[in-house]
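The primary structure of each chain is shown beneath.
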Amino acid sequence: TGQGIIHIQKGAVPTGADQLGEIRFADSAETVGSKIVGGATGTWGSTNKPSDLKFYTKKTTSDVLALTLDEDQNATFSGDVLIGASATVENTPLVVEGSGTTLLRVANIDNGTAGIVFRNTNSSDWSIKNTAATLSFILSNSEKAQIDSTGRLGVGLTPSLTAPATNVNAGFIQTKGSIDIRWSGTNSDPAGAKYLNFINNDTSLVAGQPMGGLHWI
């Protein structure tokens, strides 16, 4: 009691995909603009009532399906999705905008894996996954690089925390392959030279204290 209900009833039990009813939004001349259509997506029985909701809009005179909510609680948008935005962006189906700090959150609730998959038809999938505070970069189910919970980057391997030598901590960039420093330069461009620099910001350095260098171990 104490609540109002709008009840739209079909005259027969659905035996397949069938429209059950609709709500229309029209002007004084009964010209319909947008509408919501409820339908059966299969035969109804005593324990199953497969159904969906479809939301239609208009820009000219034709109905355009904008959103479908199916029996599995999936939402299918026919156009772009704008959250906090007022205009679409070319080739960007999802636009999220906000003032200050704006974050896009992908989370799991069982301490499993959260991530994003970048799919390109007829090519391999790239994905970025967070598992147990380790960020993995994966191509076709093969991990290519990872950043562990200490901030160490491993390229082609899992970063090691083991010190490689006495008084030398495990490196923050680790790989089992070659490292190239490449650029486009000319003999007449000495200012374009590239260097591998060892910089120690410790202002309390004393005589004989190592500044950095290369170890062959």
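Everything discussed here concerns the structure shown above.
All values reported here derive from a predicted model rather than from experimental measurement.

With that out of the way, let us pick up the pairing of strand 4 (residues 63–69). With six bridges connecting them, strand 3 (residues 51–58) and strand 4 associate as antiparallel partners. Of the residues in strand 4, the one forming a bridge with T57 is V64. Joining the antiparallel neighbours strand 3 and strand 4 is a turn of four residues. Taken together, the three bridges between strand 4 and strand 5 (residues 75–77) define a ladder with antiparallel strand orientation. Looking at strand 5, one finds that L69 is bridged to A75. Linking two consecutive strands that pair antiparallel, namely strand 4 and strand 5, is a turn of five residues; a positive phi of about 65 degrees is found at Q73 within it.

Strand order in the open sheet made by the six strands is 8-9-10-11-12-13, with mixed pairing throughout. Lying at the two open borders of the sheet, with one neighbouring strand each, are strand 8 (113–118) and strand 13 (173–175). Shown here is a sheet whose adjacent strand axes are inclined to one another by a mean of 20 degrees, direction ignored. Relative to strand 12 (residues 153–155), strand 11 (residues 142–147) runs antiparallel, the two sharing three bridges. Along strand 12, the bridge assignment pairs A145 with V155.

It is worth spelling out a nonpolar patch on the surface at this point. Taken together, the side chains of I181, W183, L196, F198, L214 and W216 present a nonpolar region at the surface, about 770 Å² in accessible area. With respect to the secondary-structure elements, I181 resides in the segment after strand 13.

Attention now goes to the pattern of salt bridges. Using the criterion set out here, one finds seven salt bridges in the structure. Close ionic contact of K54 with D52 constitutes a salt bridge, the shortest N to O distance being 2.8 Å. The closest approach of N and O atoms between D125 and R119, which form a salt bridge, is 3.0 Å. Residue classification places R119 among the exposed residues on the basis of a relative accessible area of 64%. Salt bridges sharing common partners tie together K35, K58 and D63.

On to unusual backbone geometry, then. Notably, N111 is not glycine yet its phi reads approximately 60 degrees, a positive angle. Its place among the elements puts N111 in the loop between strand 7 (94–96) and strand 8. In this model, N167 sits at a positive phi of 65 degrees, which is unusual for a non-glycine residue. Of note, N167 is situated in the loop between strand 12 and strand 13. On the basis of relative accessible area, N167 is assigned to the exposed category, the value being 78%.

Hydrogen bonds along the backbone pair up the strands of a sheet, which may run parallel or antiparallel. An order of 1-2-3-4-5 is seen for the five strands of this open sheet, with the pairing classed as antiparallel. Looking at the sheet topology across the chains shown, the edges are occupied by strand 1 (15–26) and strand 5. Averaged over all neighbouring strand pairs, the angle between strand axes comes to 25 degrees, with direction disregarded.

The residue Q146 is located in strand 11 in this model. A distance of 2.9 Å separates the side chain of Q146 from the side chain of E143, its partner in a polar contact. What Q146 contacts, discounting residues up to four positions off in sequence, is T134, L135, S136, F137, R152, L153, G154, L157, T158 and P159.

Quick notes on the rules
- Residues numbered from 1 in each chain as written.
- Predicted model: local features only at pLDDT ≥ 70, side-chain atom pairs only at ≥ 80, totals over all residues.
- Heavy atoms only, no water.
- Pairing = 2+ DSSP bridges.
- Helix = DSSP H or I, 4+ residues; strand = E, 2+ residues; numbered from the N terminus.
- Axes fitted to C-alpha atoms, helices over the stretch in contact; angles between N-to-C directions.
- Patch = residues over 30% accessible without salt bridge, like charges linked within 9 Å, V, L, I, M, F, W, Y side chains within 5 Å.
- Areas by Shrake-Rupley, 256 points an atom, 1.4 Å probe, with all protein chains shown as cover.
- Salt bridge = Lys/Arg side-chain N within 4 Å of Asp/Glu carboxyl O.
- Buried < 20%, exposed > 50% of the residue type's maximum accessible area, 1.4 Å probe, protein only.
- Polar contact = N/O pair within 3.5 Å; in protein donor to acceptor, adjacent residues only side chain to side chain.
- Contact = heavy atoms within 4.5 Å.

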